[in-house]
Amino acid sequence: MARRVLLSIAGAALLGQTDAAMMRVEEVSMAVMSKKDIMARMTNEEALHKVMQLPKIHESSAMVELLGTDLTNHLKSNGTAHMHRHHHKKAKDAPKGYAALSGARDMLNAMMSDAQAKLDVELATCGNYNDETLGELERMRMDVASYNAMAADARALVLKSQGSIAFTQRKLPEVELELEEHNKKCEDEQAALAEQIQIVKDDLNVTAGILDIIGDCSSTAQANLIQCGHCVKGKRGYMMIQNDVLQPLINRLKSSAAKAYVQNHLGQLFDQMSDEQEPQQLTQEAVRHQTRLMGRTTAFRKQMDAPDTSDPEFIASLGNESADNLNISEVPDVTAPIECAPNNKCVLGEGSCVKIRDRFLYVQAGIQDMLEKLQGDLKDSIDSCGKVRVEKKSHIADLNDQQRNAQTQLATSTKDQVSSESSSNTIAEEHSTLKAEYAKKMKECCDEQNDLKSEMCALEKIRGELYKMKGESVFITDCEVSDFKAGECSATCGGGFLTKTRSILVHPVNGMACPPLTEKESCNMQACPIDCVVGEWEGWSGCSAQCGGGVRERMRPVVTQMQYDGKPCEDTEETESCNSQSCNADCELADWSDWESCTQACNGGTNRRIRDVKVPAVGTGTCPDIQSEARLQFRKCN
């Protein structure tokens with residue numbers, strides 16, 4: 001049986017990291033020669049020399065004498081051609097040490113069978129080694145590629161983590177500063193609103209006191225209206241009440257809105273009364289008296305609430321305790337000068353207690369509205385500031401989580417990268433070593449197979465030469481069999497067994513017996529494919545933007561890496577859009593409230609309804625003022 005095996009080992013490609021040196025193995029060509037080629041090249045002398053080196057020959061002294069003496073001398077003295085010409089010589093020229101050629105033939109046939117058996121074992125052993133080693137080299141190559149891919153993935157995660165850490169390190173101080181500035185702004189805004197609310201509450205108490213004093217107008221002294229045209233430049237004039245009890249109370253109003261309400265309503269009433277009756281000019285004494293009443297207002301003094309310490313009335317009002325301890329008289333009233341002509345700077349209009357009371361009811365309602373607006377503004381400020389504060393803190397928490405996760409991922413990915421690079425380099429080195437061993441081993445296999453075939457050819461050649469030397473002609477054929485045909489392996493991977501069979505092509509006649517026709521060997525020794533297995537999705541990260549559109553992501557770990565051509569991993573990262581709402585939005589108003597009670601039980605009054613803010617404005621969004629028609633409506637009643 002002849003079998004030709006051609007093995008070629010080329011230089012290995014680059015394995016491992018890019019800075020590794022390119023490995024190069026010189027191409028080695030090894031061929032197992034056929035029996036025909038060996039027989040054509042082998043001389044009788046070479047065959048004899050080969051056979052005489054076989055240990056089995058030396059176990060028989062007769063065979064040693066026959067080959068070592070007779071055949072050797074005959075070949076030396078006559079040569080093969082001479083021996084062919086004189087094969088008819090007499091018996092005295094025949095070998096003397098081993099006359100029975102059949103015994104020599106049988107021994108040589110047995111030695112050929114032994115060599116054939118060794119050749120079969122060698123072919124099987126080397127074939128299995130070849131398949132297994134090539135499979136192992138391919139697995140190593142795939143492992144190096146897998147580890148290189150893992151190293152590249154880990155490196156990508158390292159860069160991503162470093163970018164995320166840099167982003168959070170830059171963004172965190174910005175958001176923390178925004179939160180600090182927001183808290184300071186809200187604190188100042190709410191403190192200012194609280195202060196305004198307290199002022200308006202005080203003004204509301206003042207108007208309540210004025211209305212209590214006015215009462216039902218049954219016991220209230222006359223209260224005329226005074227319009228002082230020169231008190232406020234560029235305006236219609238400053239409105240006052242000629243009443244020593246009411247005017248000081250009016251002077252106690254602090255908020256500009258409350259003062260404006262009073263001036264507006266008293267001015268409207270003065271105009272209305274002027275249409276009914278011509279106003280009178282105040283006397284100089286009345287002007288001075290009214291000036292003293294107004295001495296503590298901002299319209300007449302630069303320092304609010306600072307008393308005129310030179311005023312005798314102020315000195316007299318320092319307290320009952322001081323007056324009881326002094327033996328003094330009460331300060332007389334100021335003597336009114338007798339004037340020949342009226343003063344034209346201030347005019348006096350006749351007042352109506354009921355109408356003044358109604359106007360102050362409007363003033364009170366306006367101040368109440370203002371109080372409610374300020375309280376609403378304060379509530380909106382608290383709610384809005386709280387909402388933004390929560391968002392900022394949540395953003396900071398998300399950034400801290402993102403930074404911690406990125407730091408953890410950086411450490412893990414760096415470790416994975418180093419581990420994958422190390423495994424890649426180690427396996428690449430093992431691949432190079434195994435490849436060199438493979439080349440060496442396969443060369444040994446080829447040499448051994450050629451040597452066994454040479455042994456068989458030498459035995460066959462010597463067997464024929466013995467008969468020629470003896471001058472006898474015997475028909476001899478050696479058994480010839482087909483190549484093995486492998487059956488189906490019992491396993492597709494992980495190692496199995498198969499049965500190989502071969503058939504007899506030529507039956508032996510006086511030659512070498514047939515070798516075994518069946519043989520078992522291992523098969524499919526390569527590792528079974530391992531599919532990638534991924535874990536459960538982790539939670540979503542915080543959104544990259546609070547509004548205007550951002551992205552968030554989630555990840556899942558790789559539990560088992562793909563190996564040996566298994567199924568690759570599914571996606572381990574996923575992103576989606578978030579917070580797509582606009583960063584600027586107008587406020588959203590609630591429904592209209594019910595109409596409030598009428599301000600008058602009869603003779604005409606008003607009632608109102610309002611709309612509160614349901615959702616505050618965002619960013620540069622706008623919201624109607626509480627005094628606008630979109631949020632405040634009046635109607636006449638009763």
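Remember, it's a predicted structure, so these values are computed and weren't measured experimentally.

Enquirer: Explain the overall build of the chain to me, using residue names and the numbers behind them.
Expert: A count of helical and extended segments in the chain gives 11 helices and 19 strands. Among the 638 residues that make up the chain, the fraction classed as buried is 34%. A separation of at least 24 residues holds for 75% of the contacts in the chain among residues at least 6 apart in sequence. Accessible surface, the chain: about 37,300 Å² in total, of which carbon and sulfur atoms supply 51%.

Enquirer: Describe the confidence of the model for the chain, listing the residues and the values that go with them.
Expert: Averaged over all residues, the pLDDT of the chain equals 79, while 81% of them reach at least 70. The secondary-structure element of the chain with the lowest mean pLDDT is strand β1 (residues 6–9), recorded at 28, while strand β10 (residues 504–506) shows the highest, at 94. Taken together, the stretch residues 336–345 has pLDDT below 50 and engages in 16 contacts with residues farther than four places along the chain or on a different chain.

Enquirer: So what's going on with the sheet that holds strand β9 (residues 496–501)? Residues and values would help.
Expert: Read across the open sheet, the 3 strands follow the order β8-β9-β11; overall the sheet is antiparallel. Pairing within the sheet leaves two strands with one partner each, and these edge strands are β8 (485–486) and β11 (518–523). Pairing of β8 with β9, which is carried by 2 bridges, proceeds in the antiparallel orientation. Opposite A486, over in β9, you have K500 as the bridge partner.

Enquirer: I'd like to hear about the packing of helix α5 (residues 101–214) against helix α11 (residues 353–470), residue by residue, with values.
Expert: When two helices pack together, their arrangement is given by the angle between their axes and by how far apart the axes lie. Running from N to C, α5 and α11 point in directions that differ by 170°, and their axes come no closer than 1 Å. One finds that α5 runs roughly antiparallel with respect to α11. Tallied by class, residues from the contact of α5 with α11 come to 63 nonpolar, 34 polar and 30 charged.

Enquirer: Describe the packing of aromatic side chains, and please don't skip the residues or the numbers.
Expert: Taken as a whole, this structure holds 1 aromatic pair when the rule is applied. Considering the side-chain rings of Y129 and Y438, the 6.2 Å spacing of their centres and the 25° angle between planes classify their relative orientation as stacked. Highlighted residues: Y129 in helix α5 and Y438 in helix α11, separated in sequence by 309 residues. It is K500 that lies over the ring of F484; its NZ or CZ is 4.8 Å from the centre.

Enquirer: Describe the packing of helix α2 (residues 44–52) against α11, and please don't skip the residues or the numbers.
Expert: Interaxial distance between α2 and α11 falls to 8 Å at its minimum, and their mutual angle equals 110°. The angle between the axes of α2 and α11 places the two elements in the roughly perpendicular class. α2 and α11 meet at a crossing whose hand is left-handed. Facing α2, whose interface residues are N44, A47, L48, K50 and V51, α11 presents D451, S454, E455, A458, L459, K461, I462 and E465. Taken together, the residues of the contact of α2 with α11 sort by class into 6 nonpolar, 2 polar and 5 charged.

Enquirer: Tell me about the state of the cysteines, and please be specific about residues and values.
Expert: Evaluated as defined, the whole model comprises 9 disulfides. Each disulfide pairs two cysteine sulfurs, and for C479 the partner residue is C514, the sulfurs being separated by 1.9 Å. What sets the handedness of the C479 and C514 disulfide is the S-S torsion sign, and at about 95° it is right-handed. Here the residue C479 occupies a position in the loop between α11 and β7 (480–481), and C514 occupies one in the loop between β10 and β11, the gap between them amounting to 35 residues. Residue classification places C514 among the partly exposed positions, given a relative accessible area of 27%. One disulfide in the model links C532 with C569; its S-S distance is 1.8 Å. Taking the torsion about the sulfur-sulfur bond, which here is approximately 95°, the covalent link between C532 and C569 counts as right-handed. Placement of the pair is C532 in the loop between β11 and β12 (533–534) and C569 in the loop between β14 (558–560) and β15 (573–578), with a sequence separation of 37 residues.

Enquirer: Explain unusual backbone geometry to me, using residue names and the numbers behind them.
Expert: A positive phi angle, near 65°, is found at D565, a position not held by glycine. Note on placement: D565 falls in the loop between β14 and β15.

Enquirer: Kindly report on the pattern of salt bridges, identifying the contributing residues and their values.
Expert: In a structure, side chains of opposite charge can pair up when their charged atoms sit close to one another. For the structure shown, the criterion picks out 31 salt bridges. A salt bridge links D188 to K184; the nearest nitrogen and oxygen atoms lie 2.7 Å apart. Of this pair, D188 and K184 both sit in helix α5, 4 residues apart, which is roughly one turn of that helix. Residue classification places D188 among the partly exposed positions, given a relative accessible area of 40%. Here the salt bridges do not stand alone but share partners, grouping D369, E372, E596 and R608 into one network.

Enquirer: Outline the environment of V158, supporting the account with residue identities and numerical values.
Expert: Examined against the element boundaries, V158 turns out to sit in helix α5. Along the sequence, V158 and A406 sit 248 residues apart, while their C-alpha atoms lie 8.9 Å from each other. Apart from residues lying up to four places away in sequence, V158 is in contact with L410, S413, T414 and Q417.

Enquirer: Describe the environment of K254, with residues and values.
Expert: With respect to the secondary-structure elements, K254 resides in the loop between α6 (246–251) and α7 (256–276). Since its relative accessible area comes to 38%, K254 is described here as partly exposed. When the C-alpha positions of K254 and V200 are compared, they lie 7.7 Å apart, and in sequence the two are 54 residues distant.

Enquirer: Describe α5, with residues and values.
Expert: Across its 114 residues, α5 extends 161 Å between first and last C-alpha, which sits within 8% of the 170 Å expected from 1.5 Å per residue. Where α5 ends, the next residue or the one after it, G215, has phi of about 60°, a positive value.

The rules behind the values
- Residues numbered from 1 in each chain as written.
- Predicted model: local features only at pLDDT ≥ 70, side-chain atom pairs only at ≥ 80, totals over all residues.
- Heavy atoms only, no water.
- Helix = DSSP H or I, 4+ residues; strand = E, 2+ residues; numbered from the N terminus.
- Buried < 20%, exposed > 50% of the residue type's maximum accessible area, 1.4 Å probe, protein only.
- Contact = heavy atoms within 4.5 Å.
- Areas by Shrake-Rupley, 256 points an atom, 1.4 Å probe, with all protein chains shown as cover.
- pLDDT = per-residue confidence, 0-100.
- Pairing = 2+ DSSP bridges.
- Axes fitted to C-alpha atoms, helices over the stretch in contact; angles between N-to-C directions.
- Parallel < 35°, antiparallel > 145°, perpendicular 65-115°, else oblique.
- Nonpolar A, V, L, I, M, F, W, Y, C, P; charged D, E, K, R; others polar.
- Phe/Tyr/Trp six-rings, centres within 6.5 Å; stacked < 30°, edge-to-face > 60°.
- Lys NZ or Arg CZ within 6 Å of the ring centre and 35° of its normal.
- Left-handed = near helix turned anticlockwise from the far one by under 90°.
- Disulfide = S-S within 2.5 Å.
- Salt bridge = Lys/Arg side-chain N within 4 Å of Asp/Glu carboxyl O.
- Expected span 1.5 Å × (residues − 1).

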